[in-house]
Amino acid sequence: LLRQDLLLRGSSRNPQEASALIKGSLHLASPTWAQEKKGILTPLLALEAFTGQRAQVTTSQQMVPSLKIRRGMVLGAKVTLRGSSLSAFLLRLAFLALPALPQWKGIPLPEGNFLSFRMGRGVAFREWERHHDLFQELPPLDLTFQASGKEGEAFLRSLPLAFTSSTSTPSSLG
């Protein structure tokens, strides 16, 4: 529906040129998981419980001596959503999870064809509330959404999310 609206208002005449949501990525990471490999199981379960997709393990690409991280060590977990699973996730995020955050003020406006923000530790997902004791020590959740087309930024701004127009917004929500 958003795509059709932008097609009617926009400059593209071909429906294939219209902007669309390509993918969304959810990412949990912590340098402490490099030393304790069992710690990665919790974020893998958390992402799988919320998205319904199997999470992938992310590893370090380079060595960071100050954090005692070697190349190839486990640092986090990620899930990439596309299509109908992305639409379902976006609806749950917009109407259930974000409004339930106690100090939610909105999301920073997108820049270009990407919308990225971080949700704090007090994330209010119903799937995580059932096992609150298990998911209590999760780090902040990083979310990134990508749109295609010339009017990708306008498409992202038309999503059913509350945006803040101020430039001094915190990088973490919740």
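Computed from a predicted structure; not experimentally measured.

Overview of the pairing of strand 6 (residues 141-147)
No. 1: Judged by which residues are buried, strand 6 turns out to be one-sided: Leu141, Leu143, Phe145 and Ala147 face inward and are buried, whereas Asp142, Thr144 and Gln146, on the alternate face, are not.
No. 2: Bridge count for strand 1 (residues 21-29) against strand 6 is 6 bridges, and the pairing is antiparallel. Bridged to leucine 26 within strand 6 is leucine 143.

Topic: the pairing of strand 5 (residues 114-119)
No. 1: Covered by surrounding structure in strand 5 are Leu115, Phe117 and Met119 only, the residues Phe114, Ser116 and Arg118 on the alternate face being uncovered.
No. 2: Pairing of strand 5 with strand 6, which is carried by 6 bridges, proceeds in the antiparallel orientation. Considered in strand 6, the bridge of leucine 115 is made with phenylalanine 145.

A look at the pattern of salt bridges
No. 1: Evaluated as defined, the whole model comprises 1 salt bridge.
No. 2: Across the salt bridge formed by aspartate 142 and arginine 118, the nearest N and O atoms sit 2.6 Å from each other. A residue pair is termed long-range when its members are at least 10 positions apart, and aspartate 142 in strand 6 and arginine 118 in strand 5 qualify at 24 residues.
No. 3: Looking at arginine 118, the relative accessible area reads 36%, which means it is partly exposed.

Regarding helix 2 (residues 41-51)
No. 1: The set of residues buried in helix 2 consists of Pro43, Leu44, Ala46, Leu47, Phe50 and Thr51. The buried residues of helix 2 occupy an angular sector of 165° when the element is viewed end-on, so they sit on one face.

Topic: the side chain of threonine 58
No. 1: Note that threonine 58 resides in strand 2 (residues 56-59).
No. 2: Overall, threonine 58 belongs to the buried group, its relative accessible area being 14%.
No. 3: With near-sequence residues (within four places) excluded, threonine 58 lies in contact with His27, Met73, Val74, Leu75, Gly76, Ala77 and Lys78.

What about the confidence of the model for the chain?
No. 1: Looking at the chain as a whole, the pLDDT averages 76, with 79% of positions reaching at least 70.
No. 2: Considering each helix and strand of the chain separately, the mean pLDDT is smallest for strand 8 (residues 172-173), with a value of 50, and largest for strand 3 (residues 74-81), with 90.
No. 3: Counted against residues more than four places away or in other chains, residues 167-172, with its pLDDT under 50, gives 6 contacts.

Considerations on helix 3 (residues 83-97)
Note: α-helices contain 3.6 residues per turn, so residues at a spacing of three or four share the same orientation.
No. 1: Taking 1.5 Å of rise per residue, the 15 residues of helix 3 would be expected to cover 21 Å, and the 20 Å separating its terminal C-alpha atoms lies within 8% of that figure.
No. 2: Within the span of helix 3, buried status applies to Leu86, Phe89, Leu90, Leu93, Ala94 and Ala97. Considered in projection along helix 3, the buried side chains sweep an arc of 130° and stay on one side of the axis. In helix 3, those exposed residues whose orientation departs by more than 90 degrees from the buried face are Ser84 and Phe95.
No. 3: Each element contacted by the buried residues of helix 3 is listed here: strand 1, helix 2, strand 3, strand 5 and strand 6.

Rules behind the numbers
- Residues numbered from 1 in each chain as written.
- Predicted model: local features only at pLDDT ≥ 70, side-chain atom pairs only at ≥ 80, totals over all residues.
- Heavy atoms only, no water.
- Buried < 20%, exposed > 50% of the residue type's maximum accessible area, 1.4 Å probe, protein only.
- Helix = DSSP H or I, 4+ residues; strand = E, 2+ residues; numbered from the N terminus.
- Pairing = 2+ DSSP bridges.
- Salt bridge = Lys/Arg side-chain N within 4 Å of Asp/Glu carboxyl O.
- Arc of directions from axis to C-beta.
- Contact = heavy atoms within 4.5 Å.
- pLDDT = per-residue confidence, 0-100.
- Expected span 1.5 Å × (residues − 1).

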